[in-house]
Amino acid sequence: QVQLVESGGGLVQVGGSLRLSCAASGRTFSRYPMGWFRQAPGKEREFVASITWLGGITAYADFVKGRFTISRDNGRNTLYLQMNTLKPEDTAVYYCAARGRQYGPMSNRTSDYDDWGQGTQVTVSS
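Nothing here was measured: the structure is a model prediction, and the numbers come from that model.

Focus: the packing of aromatic side chains
So, point 1. Counted under the stated rule, the structure contains five aromatic pairs.
So, point 2. Both rings, one in Phe37 and one in Tyr113, keep their centres 5.1 Å apart while their planes meet at 75°; by these two values the pair is edge-to-face. Separated by 76 residues along the polypeptide, Phe37 in strand S4 (residues 34-39) and Tyr113 in strand S10 (residues 113-116) bring together distant segments of the chain. For the pair formed by Phe37 and Tyr113, the shared burial category is buried.
So, point 3. Both rings, one in Trp53 and one in Tyr103, keep their centres 4.7 Å apart while their planes meet at 70°; by these two values the pair is edge-to-face. Of the two residues, Trp53 sits in the loop between strand S5 (46-51) and strand S6 (58-60) while Tyr103 sits in the loop between strand S9 (92-99) and S10, which places them 50 residues apart along the sequence.

The following block contains the structure:
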């Protein structure tokens, strides 16, 4: 099991930027694919981005392509999400998640992730 703690959320104006971080502890972070998800009030949790265990391959939801960038620093056991050109519809609680399968493929399905952080609120004001 891995413990995940997100940070970096906050209130930002339309067009602004935020960088989310997710600090991992409890197992070898570098062996596991990671993902970012988000959940807006009244909506289901949805996929945002994912990254392989080495960080060489990434995937994004269509609605964030070209605006968000997922990355990881395995030396620091930290996952990042750089969010640019933010829109009001990006307002949500953002969660990082870890797959439980070592060296496995990344995924865009919530059910494929075993460990979740507590989430960090991102609010984009117009």
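A word on the nonpolar core
So, point 1. Judged by nonpolar contacts, the single largest core of 33 residues is most densely connected at Trp36, Leu79, Leu81, Met83 and Tyr94.
So, point 2. Listing elements by their share of this core, those giving two or more residues are strand S3 (18-25), S4, S5, strand S7 (68-73), strand S8 (78-83), S9 and strand S11 (120-125).
So, point 3. In terms of residues, this core owes the most to one element, S9, which gives five residues.
So, point 4. Excluding residues that lie within four positions of it along the chain, Tyr94 makes contacts with Glu6, Leu20, Phe37, Arg38, Val48, Phe68, Leu81, Met83, Gly119, Thr120 and Val122.

Quick notes on the state of the cysteines
So, point 1. Per the stated rule, a full pass over the model turns up one disulfide.
So, point 2. Paired through a disulfide, Cys22 and Cys96 show a sulfur-sulfur distance of 2.0 Å. Measuring the twist about the S-S bond at about 55°, one finds the Cys22-Cys96 disulfide to be right-handed. Of the two residues, Cys22 sits in strand S3 while Cys96 sits in strand S9, which places them 74 residues apart along the sequence.

Thoughts on the pairing of strand S1 (residues 3-7)
So, point 1. Side chains Leu4 and Glu6 project from S1 onto a buried face, and the interleaved Gln3, Val5 and Ser7 project onto a face without burial.
So, point 2. Taken together, the five bridges between S1 and S3 define a ladder with antiparallel strand orientation. If you follow Gln3 over to S3, its bridge partner there is Ser25.

Remarks on the pattern of salt bridges
So, point 1. One pass over the structure, following the stated rule, counts seven salt bridges.
So, point 2. Here Arg67 ties to Asp90 by a salt bridge, and the two come within 2.7 Å at their closest N and O atoms. Taken together, the positions of Arg67 in the loop between S6 and S7 and Asp90 in the loop between S8 and S9 put the pair 23 residues apart, joining distant regions of the chain. Neither residue differs from the other here; Arg67 and Asp90 are each classed as buried.
So, point 3. Sharing partners across several salt bridges, the network here consists of Arg38, Glu46, Arg67 and Asp90.

Overview of the sheet that holds S8
So, point 1. Across the sheet, four strands lie side by side as S1-S3-S8-S7; this open sheet has antiparallel pairing. Sheet topology places S1 and S7 at the edges, where each strand pairs with a single neighbour. In this sheet, neighbouring strand axes are inclined to one another by 15° on average, regardless of whether the strands run parallel or antiparallel.

Calculation notes
Residues numbered from 1 in each chain as written. Predicted model: local features only at pLDDT ≥ 70, side-chain atom pairs only at ≥ 80, totals over all residues. Heavy atoms only, no water. Phe/Tyr/Trp six-rings, centres within 6.5 Å; stacked < 30°, edge-to-face > 60°. Helix = DSSP H or I, 4+ residues; strand = E, 2+ residues; numbered from the N terminus. Buried < 20%, exposed > 50% of the residue type's maximum accessible area, 1.4 Å probe, protein only. Core = buried A, V, L, I, M, F, W, Y, C linked by side-chain atoms within 4.5 Å. Contact = heavy atoms within 4.5 Å. Disulfide = S-S within 2.5 Å. Pairing = 2+ DSSP bridges. Salt bridge = Lys/Arg side-chain N within 4 Å of Asp/Glu carboxyl O. Axes fitted to C-alpha atoms, helices over the stretch in contact; angles between N-to-C directions.

This is a description of form; function is not addressed.
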